[in-house]
Amino acid sequence: MSNIIHVDDVSKIFQLRQRQAAGFAAAVKSFFAPAYKEVRAVDGISFKIDAGEAVGYLGPNGAGKSTMIKMMTGILVPSAGKVSVLQRTPHTQRLVNSLEIGVVFGQRSQLWWDLPVRDSFELHRRMYQIDDARFKHNLALLSEMLGIAPFIDRPVRQLSLGQKMRVEIAMSLLHNPKVLFLDEPTIGLDVVAKDAVRKFLTQVNREQGVTIILTTHDLQDIEQICPRLIMVDEGKLLFDGALSELRSAFGGRRKLTLEFQSDPGPVRLRRATALAGGGIRQEFLLDSDAATLVDIMSELGQRHMLKDIAIEAPDIEEVIRTYYQTREKRSDRLAAHV
């Protein structure tokens, strides 16, 4: 079984009640004959995900990310099209499907607030009918990998946000799911907690083959965990492919940083455009993708006493921003000709 997730021309339409004009008559009319408008949260999206992939699902607020996750987990029913997860229709086989998927919503908790973490795990074991041997093995493994042993007997309400998220992820994996859905798993976490979560998810995906579908606003999550990226906006699919492909097409120019032992004054390079006028640390944008450190050092020669030199690829935020800006410019040009 290669494609374990198959989304075929899926749409989701919500009916939102419209507010009427002020006044008694309008209020009576609104009560007996309410007016609704359609909001198309997901609009004809199709994609396939293979077993063992780690896929980032990216888009601005209101793009339909969470709606798609909820359809793939069986919480919502598509208005049109078909969703298949592990060869099942999620909303009609929700109970059976839940035994083979794990779900983590960054702003929703499946933990029992006043109970110790261990008791939440035990309730999870009973609900998923995990046998004792498998439960003990998985709990020991996840406790070690996520470092939750020091607070496993503490009530959930006493945990920090980062500790709670590690517990949430551990609980979602106790029953050995084949697919793990994560909706904003690092929201609100500090840098250390984010790093721990990212490293763990990467390890689970690569070493245990768990398929990961991740929505997030933190683009570092995507860069560190997901080689493939699906981008949506206004409910429509914009991009589906390798992150490296997107970076290659919209990565922009690399940044060159030169650090000198003393101020050489403004430095000019044939292959780069200066970002600052002078000083012992100067930054440039490279004009050519082919330019290397050897090329730069050869051009500088012995004229300047270099202390350090570095070339950096554009970060993921710049790549995504460039993609959306390019798309907006294309839309504006198209509108101008209509």
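Everything quoted here is computed from the prediction, not taken from an experiment.

Rules and cut-offs
- Residues numbered from 1 in each chain as written.
- Predicted model: local features only at pLDDT ≥ 70, side-chain atom pairs only at ≥ 80, totals over all residues.
- Heavy atoms only, no water.
- Pairing = 2+ DSSP bridges.
- Helix = DSSP H or I, 4+ residues; strand = E, 2+ residues; numbered from the N terminus.
- Axes fitted to C-alpha atoms, helices over the stretch in contact; angles between N-to-C directions.
- Contact = heavy atoms within 4.5 Å.
- Salt bridge = Lys/Arg side-chain N within 4 Å of Asp/Glu carboxyl O.
- Buried < 20%, exposed > 50% of the residue type's maximum accessible area, 1.4 Å probe, protein only.
- Phe/Tyr/Trp six-rings, centres within 6.5 Å; stacked < 30°, edge-to-face > 60°.
- Lys NZ or Arg CZ within 6 Å of the ring centre and 35° of its normal.

A closer look at the sheet that holds strand 10 (residues 255–260)
Part 1 of the reasoning: One open sheet accounts for 4 strands, arranged 11-12-10-13; its pairing is antiparallel. The open sheet terminates on both sides in strands that have one partner only, identified here as strand 11 (272–274) and strand 13 (306–312). Across the sheet, the mean angle separating the axes of adjacent strands is 25° when strand polarity is ignored.
Part 2 of the reasoning: Sheet topology places strand 10 next to strand 12 (residues 281–286); 5 bridges connect them, and they run antiparallel. Its bridge partner being in strand 12, Leu258 is matched across the sheet by Gln282.
Part 3 of the reasoning: Along the sheet, helix 10 (residues 293–300) makes contact with strand 10, strand 12 and strand 13, crossing strand 13 at roughly 145°.

Quick notes on the sheet that holds strand 1 (residues 3–17)
Part 1 of the reasoning: Reading across the sheet, the 3 strands line up as 2-1-4 and stay open at both edges, with antiparallel pairing between neighbours. Pairing within the sheet leaves two strands with one partner each, and these edge strands are strand 2 (36–50) and strand 4 (80–85). Along the sheet, successive strands turn relative to each other by an average axial angle of 25°, direction set aside.
Part 2 of the reasoning: Sheet contacts for helix 2 (residues 65–72): strand 1, strand 2 and strand 4; angle to strand 1, the most-contacted strand, approximately 120°.

A word on the pattern of salt bridges
Part 1 of the reasoning: With the rule as written, the count across this model stands at 19 salt bridges.
Part 2 of the reasoning: The shortest N-O distance in the salt bridge between Asp43 and Arg40 comes to 3.8 Å.
Part 3 of the reasoning: Its relative accessible area of 22% is what places Asp43 among the partly exposed residues.
Part 4 of the reasoning: Classification of Arg40 by relative accessible area gives partly exposed; the value is 40%.
Part 5 of the reasoning: The partner of Lys236 in a salt bridge is Asp43, and the shortest N-O contact between them spans 2.8 Å. Here Asp43 lies in strand 2 and Lys236 lies in strand 9 (residues 236–242), a separation of 193 residues in the sequence.
Part 6 of the reasoning: Among the residues examined, Lys236 registers a relative accessible area of 44% and is labelled partly exposed.

A short note on the packing of aromatic side chains
Part 1 of the reasoning: According to the stated counting rule, one finds 1 aromatic pair in the structure shown.
Part 2 of the reasoning: Taken together, a centroid distance of 5.9 Å and an interplanar angle of 55° make the contact between Phe47 and Tyr57 tilted. In this pair, Phe47 is assigned in strand 2 and Tyr57 in strand 3 (residues 54–58), connecting sequence segments 10 residues apart.
Part 3 of the reasoning: A cation sits over an aromatic face here: Lys12 above Phe14, 5.4 Å from the ring centre.
Part 4 of the reasoning: We note Arg125 situated over the ring of Phe135; from NZ or CZ to the ring centre the distance is 5.9 Å.

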